[in-house]
Amino acid sequence: MLSFGSNPIVLVGAGNMGGAMLSGWLKKGVSGSSVIVIDPRPSDAMSSTLSQAGARHCESAPDGVTASILFLAVKPQLMDAVLPGLKGLVGEETVIVSIAAGKTLSSIESHLGEAATVRAMPNTPAMVGRGVTGAYANERVSSDQRQLVEELLEVSGPVEWVATEGDIDAVTAVSGSGPAYVFYLVECMAEAGRKAGLQADLAMRLARETVAGAGELLYQSSDDASKLRQNVTSPGGTTAAALSVLMAEDGMQPLFDKAIAAAKTRAEELAN
């Protein structure tokens with residue numbers, strides 16, 4: 001069971017990601033009575049969840065509250081408007097956790113002051129408990145706070161700590177945006193299958209289930225990806241023929257190099 005002291009955890013933003021985190025906390029045994037959710041317009045489903053859990057809902061920061069953890073799940077474009085109203089929630093023992101892409105620690109500090117702060121980048125599979133999160137903690141985060149934040153983030157999947165804040169931009173490019181690359185892979189496989197003569201809906205079902213199943217095999221197996229690939233590939237067979245194209249000098253690797261670099265550059269631009 002997660003425990004974070006006498007002060008509440010304050011979740012700011014109860015949309016897809018914030019809602020997924022809250023659901024995970026409640027399943028891990030966090031008492032709803034120790035959670036305050038700040039969101040001006042929660043969905044009907046989220047309002048029902050809060051009511052059933054006994055969590056407190058506020059449209060704006062409540063007076064007289066100091067957060068043990070201030071968890072920022074606000075869209076990046078709204079952060080500058082929302083953060084000034086949250087400063088009263090930050091005390092000496094508060095740890096701030098932000099999952100807003102592109103918002104640096106310095107930009108958060110400019111609104112909330114100097115505090116123990118973690119910048120984290122989860123991805124959308126967090127909504128089904130199968131995400132992965134990259135995280136960076138500033139020097140004010142104690143070892144106990146870091147452990148607590150890790151436990152909070154782990155409800156949606158494993159947490160990988162990075163050495164520098166700049167590494168978060170690369171995390172964003174690889175895993176933060178990564179689910180979209182996989183979904184596009186499904187689209188491409190399905191379209192190629194259609195062009196090979198399959199009905200479009202059949203090609204999509206085959207592609208979708210193949211990627212989902214391969215992902216589950218990768219998740220459950222102790223072998224690395226290259227070993228699993230080799231296990232599928234018979235010398236001179238159909239898979240080898242396809243991989244000779246995908247693994248050519250102008251195949252997938254240089255394309256992914258360019259794609260990841262473009263995403264990382266954009267993340268850096270947004271951070272500045």
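This text gives an overview of the structure that appears in the document. (Residues numbered from 1 in each chain as written. Predicted model: local features only at pLDDT ≥ 70, side-chain atom pairs only at ≥ 80, totals over all residues. Heavy atoms only, no water.)

### Topic: helix 8 (residues 200–220)
A turn of α-helix holds 3.6 residues, and therefore any two residues three or four places apart point the same way. The terminal C-alpha atoms of helix 8, which comprises 21 residues, lie 30 Å apart, in line with the 30 Å expected from a rise of 1.5 Å per residue. Among all positions of helix 8, only Ala 203, Ala 207 and Val 211 are buried. All buried residues of helix 8 lie within an arc of 60 degrees about the axis, which places them on one face of the element. Along helix 8, exposed side chains directed more than 90 degrees from the buried face belong to Arg 208, Glu 209, Leu 217, Tyr 219 and Gln 220. As for helix 8, its buried residues are in contact with helix 7 (178–195). (Helix = DSSP H or I, 4+ residues; strand = E, 2+ residues; numbered from the N terminus. Expected span 1.5 Å × (residues − 1). Buried < 20%, exposed > 50% of the residue type's maximum accessible area, 1.4 Å probe, protein only. Arc of directions from axis to C-beta. Contact = heavy atoms within 4.5 Å.)

### Concerning empty space enclosed by the protein
Applying the stated criterion across every chain yields a total of one cavity of 30 Å³ or more. Counted as a void, the largest cavity has a volume near 30 Å³. In terms of lining residues, the largest cavity is bounded by Ala 100, Ala 101, Gly 102, Arg 119, Ala 120, Met 121, Ile 168 and Thr 172. Broken down by class, the residue content of the lining of the largest cavity amounts to five nonpolar, two polar and one charged. (1 Å grid on protein atoms, 1.4 Å probe; cavity = no way out; pocket = protein on both sides within 12 Å on 5 of 7 lines; lining within 4 Å. Points joined across faces, edges and corners; volume = space filled by probe spheres on them. Nonpolar A, V, L, I, M, F, W, Y, C, P; charged D, E, K, R; others polar.)

### A few points about the sheet that holds strand 2 (residues 35–38)
Sheet architecture is open: eight strands sit in the order 3-2-1-4-5-6-7-8, paired in mixed fashion. Sheet topology places strand 3 (56–58) and strand 8 (159–161) at the edges, where each strand pairs with a single neighbour. This sheet shows a mean twist of 20 degrees between the axes of neighbouring strands, independent of strand direction. Here strand 2 pairs with strand 3 via three bridges, running parallel. Residue pairing in the sheet places Val 37 in a bridge with His 57 of strand 3. (Pairing = 2+ DSSP bridges. Axes fitted to C-alpha atoms, helices over the stretch in contact; angles between N-to-C directions.)

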